[in-house]
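# Summary of structural features
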Amino acid sequence: MTGDSSLLKTLNKSTLLRLIRRHAPISRADLAKRTHLTRATVSALVEELIGQRLVAETGIGASSGGRKPVLLQIDAEAGYVIGLDVRRNDLLAIVADLRGNALRELSRKLDAPSDPERTLSQLIALMRELRSELPDSPLGVVGVGVGIAGLVEQPSGRILFVPAHDWRLLDWRERLAEALGVPVIVENEANLAALAEHDVGAAQHATELLYVSVSAGIGAGYIVGGELYRGAGGYAGEVGHTTIELNGRPCSCGNRGCWETYASEQALAEALGLAYDPPLGSAIAERAASGEASALAALERTGVYLGIGIGNMIHTLNPQMIVVGGAISRYRDWLLPKMEATIRARFPYIPAFEVPIRFSELGETATAQGAIAYVLRELLEKPGASASAAATGV
């Protein structure tokens, strides 16, 4: 790669930040080996990153024959990131340090779920409340990530459609950034949850991951080579609205027979005559655990439909691993055997054991944790990130 010295320096610092974040604790000598930069160059750039409070010396490593190396990691105490999941009836916010460690978790019921303006105002108020309660730090809040259960255009972050409330064409990203004074990302909730499972959850060693989010609806996030795959406009993963029954049940999207009308938690609740007003809690799980026949039968049907849809995606995407998350995770013990049996029976030429199916280790916090992971990637690993993170914290 060629370019002027300023550009090369920016790229090299971003590379060092990425390696420190993903391989900490790590020494300057190891960074030089991994990057093929000279030790002098690495030392000079690391000193700049330490000066910007993005990197900290964390201790002494084992000697390989010479002096014991000083180990480096991201300076956790330098600032904060806030991840937020805008769910059907409530907001879930997590505050984390710059290493992604959760410091505080807070949920807040939505005052008017069908009103996007009131929801945005409530979101801004919650962010300001959280920020006002944080201890002082050198960089303050360096970024906010927001997960939305709907179509989000990329790279603009514009919210095109939220089926649960019929929200359309919302430009929240710029308004949030202006109100909060920090960089903001807005992304589909399943994409963020996929990122969380890849970075800190059940799929940390997978490079090709399919995450299936099942709650009121169904969405998917696809990780390819460790990065999100979004498609041409950012809409990849809207698998809940693929047709699974030709003339099936009507769906909120306007189609009929969508997968989520048969395999979501909402479909499960409706099959049992329950009003769906999440969070649903453990009512269905308790009925199944007591041996109630209707609950067990509804869970069996849901497992079959989940298996059919996931089998279709195995055909299409050939993932290394599948992680199922969202509210449906609480029914894992009843669903997983039926899902796997359905895949084996309907797709006998695909050895099911070669595509492991796991349920989320992060539960319903996955989207908010993924928002944190996304912001940290953007602020600490992309070219120019070091300057941006140091300059924008408040």
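Residues numbered from 1 in each chain as written. Predicted model: local features only at pLDDT ≥ 70, side-chain atom pairs only at ≥ 80, totals over all residues. Heavy atoms only, no water.

### Brief notes about empty space enclosed by the protein
Within the structure shown, the criterion is met by 1 cavity of 30 Å³ or more. Taken as a whole, the largest cavity spans an internal volume of roughly 30 Å³. Surrounding the largest cavity, Ile82, Met127, Arg131, Val141, Val144, Leu180 and Val182 form its lining. (1 Å grid on protein atoms, 1.4 Å probe; cavity = no way out; pocket = protein on both sides within 12 Å on 5 of 7 lines; lining within 4 Å. Points joined across faces, edges and corners; volume = space filled by probe spheres on them.)

### Observations regarding the packing of helix 4 (residues 116-132) against helix 5 (residues 172-180)
Geometrically, a packed helix pair is captured by the angle between its two axes and the distance between the axes. One can describe the packing of helix 4 onto helix 5 by two numbers: an axis separation of 11 Å at closest approach and a directional angle of 35°. Note on packing geometry: the crossing formed by helix 4 with helix 5 is right-handed. Touching Pro116, Glu117, Thr119, Leu120, Leu123, Ile124, Met127, Arg128 and Arg131 of helix 4 are Trp172, Arg175, Leu176, Ala179 and Leu180, all from helix 5. Across the contact of helix 4 with helix 5, the residue classes tally to 9 nonpolar, 1 polar and 4 charged. (Axes fitted to C-alpha atoms, helices over the stretch in contact; angles between N-to-C directions. Helix = DSSP H or I, 4+ residues; strand = E, 2+ residues; numbered from the N terminus. Left-handed = near helix turned anticlockwise from the far one by under 90°. Contact = heavy atoms within 4.5 Å. Nonpolar A, V, L, I, M, F, W, Y, C, P; charged D, E, K, R; others polar.)

### Concerning helix 6 (residues 189-200)
The end-to-end C-alpha separation of helix 6 is 16 Å, in line with the 16 Å expected for 12 residues at 1.5 Å each. Counting buried positions over the 12 residues of helix 6 gives 11, a clear majority of the element. For helix 6, the complete set of buried residues consists of Glu189, Ala190, Asn191, Leu192, Ala193, Ala194, Leu195, Ala196, Glu197, His198 and Asp199. At the N-terminal boundary of helix 6, the capping side chain belongs to asparagine 188, with an oxygen 2.9 Å from the backbone nitrogen of alanine 190. (Expected span 1.5 Å × (residues − 1). Buried < 20%, exposed > 50% of the residue type's maximum accessible area, 1.4 Å probe, protein only. Polar contact = N/O pair within 3.5 Å; in protein donor to acceptor, adjacent residues only side chain to side chain.)

### What about the nonpolar core?
Ranked by internal contacts, the top residues of the largest apolar core, which has 49 residues, are Leu16, Ile20, Leu31, Val81, Leu98 and Val323. At 10 residues, helix 12 (residues 366-381) tops the list of elements feeding residues into this core. If near-sequence neighbours (up to four positions away) are discounted, leucine 16 is found in contact with Leu31, Thr35, Val42, Leu45, Val46 and Leu49. In terms of nonpolar packing, the next biggest core, distinct from the first, is built from 40 residues, Leu272, Ile284, Leu299 and Val324 among them. (Core = buried A, V, L, I, M, F, W, Y, C linked by side-chain atoms within 4.5 Å.)

### Description of the packing of aromatic side chains
Under the defined criterion, the tally for this structure stands at 3 aromatic pairs. Judged by centre distance (5.5 Å) and plane angle (50°), the rings of tryptophan 167 and tryptophan 172 are tilted. Residue tryptophan 167 is classed as buried on the basis of its relative accessible area, which comes to 3%. Where tyrosine 222 meets tyrosine 229, the ring centres are 6.5 Å apart and the plane angle is 80°; that geometry is what we call edge-to-face. With relative accessibility at 13%, the residue tyrosine 222 sits in the buried group. (Phe/Tyr/Trp six-rings, centres within 6.5 Å; stacked < 30°, edge-to-face > 60°.)

### A short note on the sheet that holds strand 3 (residues 70-74)
An order of 1-3-2 is seen for the 3 strands of this open sheet, with the pairing classed as antiparallel. Looking at the sheet topology across the chains shown, the edges are occupied by strand 1 (26-27) and strand 2 (55-60). Direction of pairing for strand 1 relative to strand 3: antiparallel, over a ladder of 2 bridges. Across the sheet, residue isoleucine 26 finds its bridge partner in strand 3, namely leucine 72. (Pairing = 2+ DSSP bridges.)

### Side note on the environment of glutamate 292
The topology assignment puts glutamate 292 in the loop between helix 9 (283-289) and helix 10 (293-317). Its relative accessible area of 25% is what places glutamate 292 among the partly exposed residues. In this structure the C-alpha to C-alpha distance between glutamate 292 and leucine 19, which are 273 residues apart in sequence, comes to 52 Å. Among the polar contacts listed, one links the side chain of glutamate 292 to the side chain of arginine 287, at a separation of 2.7 Å.

Without other data, these values stay purely geometric and don't point to any function.
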